[in-house]
Amino acid sequence: MSPRRLLVPGLLLLASACATTPKAGPETQPAAVTAPATPKEDTPAADPKPQATKAPADALKDDTAWTNLGIVQERLGKNDEAERAYRQALELKPEQQAAWDNLTRLQCRTARAAQAEAQLRERLQANAEALAPRTALVLALLCQKKLDAAATEAKRVLKADERNVRAMQLLAQVYYRERKLELAKMVLENARAIAPDEPATHNTLGLVQLALGTKPAALESFKKASELQPDFAEARNNFGALLNEAQDYPAAVRELEAAVRAAPDFVSARLNLGNAYRGQGDFARALAEYQQVLRLAPSLPDTYFNLAILHLDAEPQELDTLVRLQACLSFFDQYRARGGRDERVDDYVKDARKGLEKEERRREREKREQLRKAQQAEAPPSDASPPPASPEGTPPARPASGSGRVASDKK
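**Q** Just to check I follow, could you spell out the overall build of the protein chain for this structure?
**A** Tallying secondary structure elements over the protein chain gives 17 helices and two strands in all. In the protein chain, buried positions account for 49% of the 411 residues. Contacts in the protein chain between residues at least 24 apart in sequence constitute 59% of all its contacts with a sequence separation of at least 6. Accessible surface for the protein chain amounts to roughly 21,300 Å². Of this, 50% is attributable to carbon and sulfur atoms.

**Q** I would appreciate a short explanation of the packing of helix 14 (residues 283-296) against helix 15 (residues 301-313) in the present structure.
**A** Each pair of packed helices can be summarised by the angle the axes make with each other and by the distance between the axes. Packing of helix 14 against helix 15 leaves a shortest axis separation of 10 Å and a crossing angle of 160°. In terms of axis orientation, helix 14 runs roughly antiparallel to helix 15. Relative to helix 15, helix 14 is oriented so that their crossing is left-handed. The segment helix 14 lies against helix 15, with Phe283, Ala286, Leu287, Tyr290, Val293 and Leu294 engaging Thr303, Tyr304, Asn306, Leu307, Leu310 and His311. Looking at the contact of helix 14 with helix 15 residue by residue, the class counts come to nine nonpolar, three polar and no charged.

**Q** Could you clarify how one ought to interpret the packing of aromatic side chains in this entry?
**A** Here the structure, examined in full by the defined rule, presents four aromatic pairs. With a centroid separation of 5.9 Å and 80° between ring planes, the pair formed by Phe305 and Phe332 is classed as edge-to-face. Of this pair, Phe305 sits in helix 15 while Phe332 sits in helix 16 (residues 321-337); the two residues are 27 residues apart in sequence, bridging distant segments of the chain. Judged by relative accessible area, which is 0%, Phe332 ranks as buried. Cluster of aromatic residues (ring-pair linked, three or more members): Phe305, Phe332, Tyr335 and Tyr348. Against the face of Tyr176 rests Arg179, its NZ or CZ located 5.7 Å from the ring centre.

**Q** Looking at this model, I keep getting lost on the pattern of salt bridges. Mind explaining?
**A** For side chains of opposite charge, pairing can occur when their charged atoms come near one another. Within this structure, the stated rule accounts for 24 salt bridges. Between Arg121 and Glu117 there is a salt bridge whose closest N-O contact spans 3.0 Å. Of this pair, Arg121 and Glu117 both sit in helix 4 (residues 113-126), separated by four residues, roughly a single helical turn. Relative accessible area serves as the criterion here: at 32%, Arg121 is assigned to the partly exposed category. Exposure remark for Glu117: the relative accessible area of 11% places this residue in the buried category. Across the pair Arg285 and Asp282 runs a salt bridge, and its minimum N-O distance is 4.0 Å.

**Q** Can you help me understand the environment of Pro216 in this one?
**A** Take Pro216: it is sitting in helix 10 (residues 215-228). C-alpha separation for the pair Pro216 and Gly206, spaced 10 residues apart in sequence, amounts to 9.5 Å.

**Q** How should I be thinking about the packing of helix 11 (residues 233-245) against helix 12 (residues 249-262) in this particular structure?
**A** The interhelical angle for the contact between helix 11 and helix 12, taken along N-to-C directions, is 160°, at an axis separation of 8 Å. Viewed along their axes, helix 11 and helix 12 adopt a mutual orientation that is roughly antiparallel. The handedness of the crossing between helix 11 and helix 12 is left-handed. Every residue of helix 12 that contacts helix 11 at Ala233, Arg236, Asn237, Phe239, Gly240, Ala241, Leu243 and Asn244 is listed here: Tyr249, Ala251, Ala252, Arg254, Glu255, Leu256, Ala258, Ala259 and Ala262.

**Q** What's the story with the environment of Gln291 in this structure? I'm lost.
**A** Locating Gln291 in the fold gives a position in helix 14. Each C-alpha atom of the pair Gln291 and Gly274 lies 9.3 Å from the other, and the pair is 17 residues apart in sequence.

**Q** Explain the confidence of the model for the protein chain here, please?
**A** In low-pLDDT segments, the atomic positions of the prediction should not be examined closely. For the protein chain, the average pLDDT comes to 83, and 78% of its residues sit at 70 or higher. Confidence drops under pLDDT 50 across residues 9-53; counting only partners more than four residues distant or on other chains, this segment forms 162 contacts. For residues 392-411, every residue scores under 50 in pLDDT, and the model assigns this stretch two contacts once sequence neighbours within four places are set aside.

**Q** Explain helix 1 (residues 63-75) to me, please; I cannot follow it from the model alone.
**A** Each α-helix turn comprises 3.6 residues. Residues three or four places apart therefore point the same way. Between the first and last C-alpha of helix 1 there are 19 Å, a value that for 13 residues agrees with the 18 Å anticipated at 1.5 Å per step. The buried count for helix 1 comes to 11 of 13 residues, which makes it a mostly enclosed element. Against the buried residues of helix 1 lie helix 2 (79-92) and helix 3 (97-109). Two or three places before Thr64, at the opening of helix 1, Asp62 has a side-chain oxygen 3.0 Å from that residue's backbone nitrogen. Immediately beyond the C-terminal end of helix 1, within one or two residues, lies Gly77, with a positive phi of roughly 85°.

Calculation notes
- Residues numbered from 1 in each chain as written.
- Predicted model: local features only at pLDDT ≥ 70, side-chain atom pairs only at ≥ 80, totals over all residues.
- Heavy atoms only, no water.
- Helix = DSSP H or I, 4+ residues; strand = E, 2+ residues; numbered from the N terminus.
- Buried < 20%, exposed > 50% of the residue type's maximum accessible area, 1.4 Å probe, protein only.
- Contact = heavy atoms within 4.5 Å.
- Areas by Shrake-Rupley, 256 points an atom, 1.4 Å probe, with all protein chains shown as cover.
- Axes fitted to C-alpha atoms, helices over the stretch in contact; angles between N-to-C directions.
- Parallel < 35°, antiparallel > 145°, perpendicular 65-115°, else oblique.
- Left-handed = near helix turned anticlockwise from the far one by under 90°.
- Nonpolar A, V, L, I, M, F, W, Y, C, P; charged D, E, K, R; others polar.
- Phe/Tyr/Trp six-rings, centres within 6.5 Å; stacked < 30°, edge-to-face > 60°.
- Lys NZ or Arg CZ within 6 Å of the ring centre and 35° of its normal.
- Salt bridge = Lys/Arg side-chain N within 4 Å of Asp/Glu carboxyl O.
- pLDDT = per-residue confidence, 0-100.
- Expected span 1.5 Å × (residues − 1).
- Polar contact = N/O pair within 3.5 Å; in protein donor to acceptor, adjacent residues only side chain to side chain.

Shown next, in the form of C-alpha cells:
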C-alpha cells in the first residue's frame, strides 16, 4: 500500500475543547497524522459506573451518584437531563469539583461558554472563597480562549490551595496554548508528583511532550493515562494516533476502538480509527468509519481528504476501478470546496487521473482484443484450399472408407 499520509483534525487542549465537532480556526487546521487528534473534552472527573438513566431511590441524596448519572446521560446524548443531574449534585454538595467540571464542559460543548462564565462569576460574587466554581471558571475561560483571564483565575486557586491538581492541569493548558512549553511541563510534573495516578495529568503532559519533540515520552504518557482510566477516550485516542504513525495498526485499532466505545460521537477518534483500518488494508471498515465521521461532522475537510486517499490507494475487488478513481477525484473536489488546503493534493489528483487514463486504455485494448478474437472465430481458416472442381454432372470424389491404409500396386 502506498505510504501516503492521511489528515486528522488539529490539536486542541484537553479540557477546553468546546465542541464535539472541531470548528475552523487556528487550533483545528488540518495537521499530519504525526500529531494526536483533537481531544473532544477532558475525561469526566467521576467514574460513570451507573448503567441506568434514572437515579435509584437510595441514591437521591448521593451527590456522586447524580454526577455519575449525568455522565451516563451525556454519553447517551441526553444533554438536558445530564445538566439537570449535574446541578442536582451541586445542590447536594456545592463544592463537588467533578460536577462543576462536567457541567461547565457540557455548556462549553453546546456553545454556551459565555453563559457558563457569567453563571460562575455570579456564583463567586456570592462566595469568593469557593475554589471548585473558580476552577470551573478557568475551564470556561479556556474554552473562549481568554488565556490571560484563565491564567489569573488558575493562579488565584493555587494561591489558596497550592496542591490543587486540577488548577495545575488547567494552568498548564494555558501555558501550552501560549507555547510556554517548558512552563507547562514543569507545572504538570509538579501535579504528577502530588497525584501520580491522575490520568488527566499524564494525558496533558503527553501533549506537551509531543510539542517539545520528545515523542517516546509522549507515547508513554498517553499509555499511562489510558491504563489508569480505560474509558478515558481522549488519552486512548492520542495513544492510538501515535501508534498509527508508528504503523502498529493492530495496537492502534485496539486503542481507538476503545476510545469510540467510550465516546461514540468522538470525531477525532473515529477518523483515527478509519486511518488504522486503512493501514491494515481493511477498505470496508475504513470506509464505514469515515462515513460515520461525515454524519457527525459533515463540514470537516479532513474526512474528504482521507476518503480520497483511501479510494486512490486501495484496490478492493468489489469496487470497479473507474468508479473508485472517479470517487477519489470527487472527494478531493469536496475537500477543496470546504476550505481544505494541502500542497500534496495536486500530485494526488494527477495520480488519480493517470490511473483513470491507464484503466481506460487497458479496457480499450481488452475490447479490441475481444473483437479481434470474435472476428477470427467467424472467418474460415486462411490456409485452407478450396476443393477441386468436379466435371459438370459428376459428383465430387469422396474419401475412401475403410481402414485408411495406402492402396497397394500389386496385381
